[in-house]
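# Overview (structure and organization)
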Amino acid sequence: MTTLFSAVEAAGAIAVPSADSDKYSRGVLGVVTGSERYPGAAVLGVEAASRTGVGMIRYLGPERPAAMVLARRPEAVTADGRVQAWLLGSGTDPERDDDERARLVGLLDQALPTVLDAGSLDLFAQAKGPTVLTPHFGELVPVLSAVGVETSKQAVAADPATWAARAAAETGATVLLKGATTVIADASGVRFLVRAGQPWLATAGSGDVLGGVLGALLATHQPALAERPELLAELAAAAAWLHGEAGRTASGGGPIQALDVAEALPAVIRRLLVGA
Ligand SMILES: NC(=O)C1=CN([C@@H]2O[C@H](COP(=O)(O)OP(=O)(O)OC[C@H]3O[C@@H](n4cnc5c(N)ncnc54)[C@H](O)[C@@H]3O)[C@@H](O)[C@H]2O)[C@@H](O)CC1
Ligand SMILES: Nc1ncnc2c1ncn2[C@@H]1O[C@H](COP(=O)(O)OP(=O)(O)O)[C@@H](O)[C@H]1O
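Think of each chain on its own: its residues are numbered from 1, step by step along the sequence as written. Chain labels run from A onward and ligand labels from 1 onward, assigned in the order the entries are written. Local features in a predicted model are, by the rule used here, given only for residues with pLDDT of at least 70; side-chain atom pairs are given and counted only at 80 or more, and totals for whole chains, interfaces and linings are based on all residues. The side-chain figures draw on all heavy atoms in the structure; neither hydrogens nor water molecules are used.

As annotated in an unreviewed UniProt entry, the protein chain carries the name ADP-dependent (S)-NAD(P)H-hydrate dehydratase and is attributed to Amnibacterium soli. UniProt positions are given in the numbering used here, feature names are shortened, and annotations may be inferred rather than shown by experiment. Check the Cofactor (unreviewed entry) section of the UniProt entry for the protein chain; it says "Mg(2+)". Here the protein chain is described in UniProt, under the heading Subunit (unreviewed entry), as follows: "Homotetramer."

As structure tokens, then:
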């Protein structure tokens, strides 16, 4: 069944720490994003995840984006270690060498909750855990082509719900198809439509911020996801809602940049939790 996702549902997706929480029990997000060409995508995703609330972020991408991430967020850890969820692909190139592919496939073999964005969308068949694909209309076309379904960006734009559901059915992943209305579909069909945002969100890096929000929600719900697989689509919808509301809050009717959206997240979450 398809429903329009609401603020009350989004509030339910926030993992609020308690007196016995520590940084590990809250959830650690592993991030492999950014590249020499698009280092900023790494900064945007890490910033958004940290503003959504997570115990720790391990940024494990290339050197240049790593330096930029640390300059912006000294809280991020660049050493290997335990993680509860992965955010892969924003700002990366799917034309990777064999070593990089083997490394990413190794991460996916861990069967942890994973966001596959942008340059990692092609790895959906290697994902073993609960996986959300986060394509825009253009990025959905090669995903579908990889499973033998030919379409076009124009066709997807004309009927996003149908194509999101088709992609979820064919790939076995949960699909968050970005747009003015974001569609979330899983194996049961279209689950949620999210219309929280507004057109000022159509700005470079906005999707990288969404990836960070969703990564944080997956990392903070890893045990629950193992017990309740349908939660994956709920968290994807919550991420789209928080992203949209943060965009609306940051904008106030005027222009915004992607980093403004990330910075507005704590205020949005505070309003949800304490009704302020
Ligand atoms: N500051 C940064 O580092 C940024 C990095 N970015 C990264 O840049 C890489 C390439 O991004 P794009 O796929 O946007 O590449 P392009 O901007 O090269 O676009 C590729 C194709 O997708 C279409 N397209 C782009 N956005 C669309 C949308 N929202 N709806 C429908 N069609 C759309 C374009 O028209 C084009 O045909 C990704 O890895 C992304 O994460 C972008 O997010 C922009 C900001
Ligand atoms: N017209 C619009 N109205 C509302 N939200 C939009 C609109 N256009 C894009 N968005 C949102 O902005 C984000 C754009 O993501 P994406 O296309 O991946 O951009 P980028 O690659 O620059 O990060 C998505 O979350 C999408 O839902």
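Continuing now.
Within the structure, ligand 2 sits among 17 residues, and Lys178, Gly179, Gly205, Ser206 and Gly207 are positioned closest to it. In protein, a polar contact means a hydrogen-donor-capable atom and an acceptor-capable atom, both N or O and within 3.5 Å, with residues adjacent in sequence counting only if both atoms are side-chain atoms; elsewhere, any N or O pair within 3.5 Å suffices. Side-chain polar atom of Lys178 to an oxygen atom of ligand 2: 2.7 Å apart, as the coordinates give it. Within the backbone of Gly179, one N or O atom sits 2.9 Å away from an oxygen atom of ligand 2. If ligand 2 stood free it would expose 580 Å²; the protein chains cover 76% of that surface. Cavities and pockets were defined on a 1 Å grid built over protein atoms only: a cavity is a set of grid points that admits a 1.4 Å probe from which the probe cannot escape, a pocket is an open set flanked by protein on both sides within 12 Å along at least five of seven lines, and lining residues are those with an atom within 4 Å of any such point. To decide whether a molecule occupies a pocket or cavity, check its atoms: if more than half lie within 2 Å of the grid points, it is inside. When atoms are counted within 2 Å of each cavity's grid points, the one that captures over half of ligand 2 is the largest pocket. Helix and strand labels come from DSSP, where a helix needs a run of H or I of at least four residues and a strand needs a run of E of at least two; each type is numbered from the N terminus. With 4 residues, the single largest contributor to the shell around ligand 2 is helix H9 (residues 206-219). In this classification, Asp, Glu, Lys and Arg are treated as charged, Ala, Val, Leu, Ile, Met, Phe, Trp, Tyr, Cys and Pro as nonpolar, and every other residue, Gly included, as polar. Of the residues in the shell around ligand 2, the class split is 6 nonpolar, 9 polar and 2 charged. For each residue, the test is whether any non-hydrogen atom lies within 4 Å of the molecule or strand; if one does, the residue is near. We get accessible surface area from the Shrake-Rupley algorithm with a probe of 1.4 Å; when it comes to residues, only the shown protein chains can shield them.

Of all residues adjacent to ligand 1, which total 15 residues, the nearest are Ala41, Gly91, His136, Lys153 and Asp208. Taking Asp208, its side chain carries an N or O atom lying 2.8 Å from an oxygen atom of ligand 1. Here ligand 1 has 830 Å² of accessible area as a free molecule, and 52% of this is covered by the chains. The set of elements that each furnish at least two residues to the shell around ligand 1 consists of helix H3 (39-52) and helix H6 (137-146). Considering every element that reaches the shell around ligand 1, the biggest residue donor is H6, with 3 residues. A breakdown of the residues in the shell around ligand 1 according to their chemical character gives 5 nonpolar, 7 polar and 3 charged.

Paired through backbone hydrogen bonds, the strands of a sheet run either parallel or antiparallel to each other. Spatially, the 9 strands line up as an open sheet ordered E1-E9-E8-E7-E6-E5-E4-E2-E3, and their pairing is mixed. What marks the edges here is a single partner per strand, and that holds for strand E1 (3-4) and strand E3 (56-59). Where strand E2 (residues 28-32) meets strand E4 (residues 85-88), 4 bridges bridge the pair, whose relative direction is parallel. Each residue of the ladder has a partner; that of Gly30, found in E4, is Trp86. Contacts from helix H11 (residues 231-251) reach strand E6 (131-133), strand E7 (174-177), strand E8 (182-186) and strand E9 (189-194) within the one sheet, and its direction differs from that of E9 by about 20°. Two strands qualify as a pair provided DSSP detects at least 2 bridges between them. Residues are treated as being in contact if the distance between any of their heavy atoms lies within 4.5 Å. Under this scheme, a helix contributes an axis fitted over its contacting stretch, all axes are lines through C-alpha atoms, and angles between N-to-C directions fall in the 0 to 180 degree range.

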